[in-house]
Each structure stands twice: as C-alpha cells, then as structure tokens.
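Summary of the model geometry
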Amino acid sequence: LPAPDSDGRSREDLRKPGAVPRREHVINVKGPTFVQEDVKEFSPMIKESWAKLIRQTGVMELGEKLVAGFATASYGMNEVFEDMTLDKVFQAKFVDMFDTIVRNCEEPKQLHRSLVLLSPAHSRAGVDPKMMPDMGAVLFSVLEEVLGKDYDEDTRKAWAWLWEYLSNSMTLVMEAHDRRRSPIVRCWDACLDSYSEAQLGDLFYDSLFEFAPSTRVLFSKPKQVMGSRLVEMIGTLVKLHGDKENAMAQELTWLG
C-alpha cells in the first residue's frame, strides 16, 4: 500500500471514502511484536499457497467467495459487506488488498504501517477488530475448499500466524484511533449506533415541531427528505470539526 504523497492530499481527497490520510492525520502506534524466525519460516508457505489459490480460482471468483462469506459471517460484518456481494469492482479490490498483504508478509512492520494508514477508512466503514476472527475463519475455509490436500498442517500454521499478527495489529491501531477521536465524534457515533439515519432525522424534526410548532411552515419538503439531508450535514460537520485547515468554514460557505 502506498504511503501518502510527500505533498499531502487535498481536503476533498481526504474526505473521500478510502482516501489515504495526510501525515498530520496519521496516528503513531507501535506494532505487535514478532519473531523473525517465524517470518522466515511461514512467509514462503503463505506466498506459495496464495499463488495456488489465485491460479485455481481467478481474482473475480475468489473475490466473490470471500465477500459472500464475510457478508454472512456475523451481524457486524453483514452491515459492512452486504452491499458488496454484487459489486465486482469492490471484490477485485479486496483480493488485491489480500495480495498486497501476502506480498508484504515477510515485512510485518510494513503490514502494520498499512493498517495505520487505513485506520480512518476502516473506522468510517464500520470495520471492528472483533470481526477479525470471523474474517479469518472465512479465509481459512476458502483456502481449505480450493487447495484441498495442499492446505496441509504447516500451511495452516503459516496462515494462522499471519492472521494473528494482522488481528493484533488491527486491535492496536483501531484502539489508538478511537482514543484520538474527540467527544463530539464519539457522541455522534453513539447516535448512529443506536438509531438509523432516518430515525435520527425524524427525532430531530419531531422535537423541533414539538417545541416550536410555528416552524412547520418553514419546511416545505417531506420530513424524510429533510431528515436525511440534516443527518448527512451533521455527519459532515462532525468529520470536519477538528480540521486544522478550517475546512468546516469552507463547508458552511458551500451550504450557504
């Protein structure tokens, strides 16, 4: 995974889903410990078995298998992956992500750095370290299904080692990312965890009309439309409230 460009990213790029954050937005967290002898022993087996997996399935079929498995593995993962089960572009990118992990498996520190860079995107997408065991189970199941006898005990140990390192790294990274979030972001995330966007919009306008009935005449559009736009606007302001580049002021200017 590429590091951020030396000249950084624009605010618009930073707000795009999956965008690589600028350096001042990147957390600094030490990675998990590892034994170099394990790296030397397991990396070749991981790379060899992954190459066989790709040869026997192809990128598109493998992406479909993995995403379909993730979407049914647990409730939390279903919310993240259910809309991606028919998205061939996403599935191909997901396989490419795994391919990057495999290519860098002999450099655990680089794997950890990649997860650090991706932590804002993972947070926005709702990825939780608690999903890692289920994701690993799906991956191991696909490996066993496709490779058959080639997925022997030594290969299982190699992939288990890699997934344990990734899981530990993800936990450290996301915990550090969560600690960095402001009370405003934590509060807004708690609202989104408890209510759907439609419910939040309804709650706001129901409360507004209850306390100030005369304001009804100011809103001509259906409440559902207004609620959706309001929640989207608040979400944008929450994301930008700590931006050092004063992006919130620009956003308010655009809103009029």
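Every chain is numbered on its own, with residues counted from 1 as its sequence reads. With the structure being a predicted model, the display of local features is reserved for residues of pLDDT at least 70 and the display and counting of side-chain atom pairs for 80 or more, all residues being used for whole-chain, interface and lining totals. Where side-chain values are given, they derive from all heavy atoms of the structure, hydrogens and water being excluded.

**Regarding the overall build of the protein chain**
To keep it simple, the criterion reads: Secondary structure counts use DSSP, requiring at least four H or I residues in a row for a helix and at least two E residues in a row for a strand, with both numbered from the N terminus. Throughout, a residue-residue contact means that at least one pair of heavy atoms, one from each residue, lies within 4.5 Å. Surface accessibility in these figures is a Shrake-Rupley result with a 1.4 Å probe; residues are shielded only by whichever protein chains are displayed.
Assigned secondary structure in the protein chain consists of 12 helices and 0 strands. Listed by position from the N terminus, the elements making up the protein chain come as α-α-α-α-α-α-α-α-α-α-α-α. Taking the contacts inside the protein chain whose residues are at least 6 apart along the sequence as the reference set, 72% of them involve residues at least 24 apart. Looking at the protein chain as shown, the accessible area adds up to about 15,000 Å², and 54% of this sits on carbon and sulfur atoms.

**Examining the confidence of the model for the protein chain**
Predicted coordinates in regions of low pLDDT should not be interpreted in detail. The condition is simple: Note: pLDDT gives the predictor's confidence per residue, expressed from 0 to 100.
Summarising the model, the protein chain shows a mean pLDDT of 80, and 81% of its residues fall at 70 or more. By mean pLDDT, the top-scoring element of the protein chain is helix H2 (residues 36-57) (96), and the lowest-scoring one is helix H1 (residues 11-15) (39). A low-confidence stretch, residues 1-25 stays under pLDDT 50, and its non-local contacts, those more than four residues away or across chains, total 42 contacts.

**Side note on helix H5 (residues 88-103)**
The line we're drawing: Helix span is expected to be 1.5 Å times the residue number reduced by one. We define a polar contact as two N or O atoms separated by no more than 3.5 Å, with the added condition that, inside protein, one atom must be a possible hydrogen donor and the other a possible acceptor, whereas residues neighbouring each other in sequence contribute only through side-chain atom pairs.
Here H5 is 16 residues long and its end C-alpha atoms lie 23 Å apart, about the 22 Å a rise of 1.5 Å per residue gives. Backbone nitrogen of Val 89 and a side-chain oxygen of the N-cap are separated by 3.2 Å at the start of H5; the cap is Asp 87.

**Considering a negative patch on the surface**
Our working rule: Patch definition: residues with relative accessible area over 30% and no salt bridge; like charges joined within 9 Å; nonpolar side chains (Val, Leu, Ile, Met, Phe, Trp, Tyr) joined within 5 Å. For this document, the term salt bridge refers to a Lys or Arg side-chain nitrogen within 4 Å of an Asp or Glu carboxyl oxygen. We count Lys and Arg on the positive side and Asp and Glu on the negative side, and we leave His and both chain ends out. Just so you know, the charge point we use is NZ for Lys, CZ for Arg, CG for Asp and CD for Glu.
A cluster of acidic residues, Glu 41, Asp 152, Glu 153 and Asp 154, forms a negative patch on the protein surface. Here Glu 153 shows up in helix H8 (residues 153-180).

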